[in-house]
Amino acid sequence: MKLKVEVVSKEIIKPSSPTPDQLRHYQLSFLDQISPPVYNPLVLFYPMTKSNIQVKKTKVIDHLKQSMSDALTYYYPLAGRINDNLFVDCNDEGIPFVEAQVKCKLSDVLENPVPNELNKLVPFVLDNAEELPLGIQFNVFDCGGIGIGACISHKIADALSFFTFLNTWAAFSRGDHESSIVSPEFVSAKLFPPKSTLGYEPRVGISTERIVTKRFVFSASKIQEIRAKYAKSTACAGDQKGPSRIEALSAFLWSRFVASIKAKSIPDSCFYTIVHAVNLRTRIDPPLPEHSFGNFYRIAMTVPSINSGEDCCDLVNQMRESIRKIDTEYVKQLQDGQSHLDFIQERAERFIRGEMVSFSFTSLCRFPLYKADFGWGKPIWVGSPSLTFKNLVVFMDTVSGDGIEALINLKEEDMAIFGSDEVLLAYAVSQKDC
């Protein structure tokens, strides 16, 4: 359904304690510099009764603002301003906190979430991350339910950093200070020193075309069926466990993407890539803790045959091998930076010329997505608005933890075919169109 959202108030929240002078210059790392200037968004939904929220709303909002102020003292770069893709001026200018009223019931959203409509529940346009690192929108539904919309700049943080911050804010809010609050480690620029990125445009890939995002939900039983489809390939490679959930779903969705574009005229010079975002924290020697803040991810690229159908038994092994190459030796070369910059520059040029089409995957599964308890329980659902990249799949755990939601971002005309694919819909439940 179409959401009607009315902004009630806007305020700037500053850290509860001033940032010391010696911490006021936060250097962006090389991986921050080459990350796209977009916001990563999430909306966390909580049920409340109308009588509850009317009585408590002012108290709840004031409490959230104070706990945010306390959390920003730990995460002081988020209250600063990003400067020229080089550093954050940690000047304590603060973050926007928006209060909004949503003219429907929370159940209306939960029964049929439409990602493109969820963009109205976050404070920023996603493809315009310039100075502000963070923003919050506190949404109240007519029934009393709450949606906390948050945006964090990809120039300063990856998904795990985002979740860690949100869970720290929640811990402050519920008063659980000692057991749940861990100070972030700001080591990214030391491990990946900044470089001159002159000539590289990090906005490559951000689409100005009409992107449609659809949510497809795979139950545990359907995921098991899909894993069984690709088990033969991993068994041939000596792995009796079979493909992981993400490996199997990636291969399956790639096969349906290929089926949906077969009618298109594809130039002979064009090649396709399957891209997976990989968390580097466990691949650095020594490994980094989860609360290491910044961008600690890189991409694994697989070049499959465009004729790889759903029975392409080697595709899972190809993807697995590409991801396996993101190892400690890879990280050492990445720390040098120059060869990787040359590689992504060449890839960006091919993308701009239309010689390369990427189908990208990022998985938020097994991340602490449903831990943010602000004092009134854990979220009943966590959703993502529509993103600004085409041919992008985001995997998220269902609230039960055993299924997977796939948020798929495609050009409007591509989604028209992909979203009605009978093979896909035999395994996944899709949203209804608005």
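Further up the page is the structure itself.
First, a word on what this report is: a plain description of the structure on this page.

Time to look at the overall build of the chain. For the chain, the count of helices and strands is 15 helices and 16 strands. In terms of C-alpha radius of gyration, the chain reaches 22 Å, essentially the compact-globule figure of 22 Å for 434 residues. Projected onto the principal axes, the alpha-carbon positions of the chain cover approximately 60 × 50 × 40 Å. Counting only residues that meet the buried cut, the chain has 55% of its 434 residues in that class. Residue pairs at least 24 apart in sequence account for 81% of intrachain contacts in the chain once pairs closer than 6 positions are excluded. When the accessible surface of the chain is summed, it comes to about 18500 Å², and 51% of that surface belongs to carbon and sulfur atoms. Positive and negative charge centroids in the chain, built from 47 and 51 side chains respectively, lie 4 Å apart.

Another point: empty space enclosed by the protein. Gaps left between atoms are located by rolling a probe of water-molecule size over the structure's atoms. Across all of its chains, the model carries 2 cavities of 30 Å³ or more by this definition. In this structure, the largest cavity occupies an estimated 40 Å³ of space. Met 1, Leu 3, Val 109, Asn 112, Pro 113, Val 114, Glu 117 and Leu 118 are the residues that line the largest cavity. The class makeup of the residues in the lining of the largest cavity is 6 nonpolar, 1 polar and 1 charged. Taken as a whole, the second largest cavity holds about 30 Å³ of empty space. For the lining of the second largest cavity, the secondary-structure elements that each account for two or more residues are β3 (39-46) and α5 (159-174). Broken down by element, the residue count for the lining of the second largest cavity peaks at 3 residues, all from α5.

Rules used throughout
Each chain carries its own residue numbering, running from 1 in the written order of its sequence. In view of the model being predicted, local features appear only for residues whose pLDDT reaches at least 70, and side-chain atom pairs are presented and counted only at 80 or more, with totals across whole chains, interfaces and linings using the full set of residues. To obtain the side-chain values, all non-hydrogen atoms of the structure were used and water was disregarded. Numbering of helices and strands runs from the N terminus, with a helix taken as a DSSP run of H or I at least four residues long and a strand as a DSSP run of E at least two residues long. Restricting the calculation to C-alpha atoms gives the radius of gyration, and the globule rule supplies 2.2 Å times the number of residues raised to the power 0.38. The cut-offs for exposure are 20% and 50% of the maximum accessible area for each residue type, with area from a 1.4 Å probe on protein chains only; residues under the lower value are buried, those over the upper are exposed, and the others partly exposed. Contact between two residues is taken to exist if any of their heavy atoms lie within 4.5 Å; hydrogens are not considered. Per-residue and other accessible areas follow the Shrake-Rupley method at a 1.4 Å probe size, with only the shown protein chains counted as cover for residues. The charge count treats Lys and Arg as positive and Asp and Glu as negative. His and the chain ends do not count. Throughout, a charge is located at the NZ atom of Lys, the CZ atom of Arg, the CG atom of Asp or the CD atom of Glu. Using a 1 Å grid laid over the protein atoms alone, points where a 1.4 Å probe fits but cannot get out form a cavity; open sets with protein on both sides within 12 Å along at least 5 of 7 lines form a pocket; any residue with an atom within 4 Å of a point counts as lining. Grid points are joined across faces, edges and corners, and a volume is the space filled by probe spheres set on the points. Gly is placed with the polar residues, together with every amino acid not listed as nonpolar (Ala, Val, Leu, Ile, Met, Phe, Trp, Tyr, Cys and Pro) or charged (Asp, Glu, Lys and Arg).

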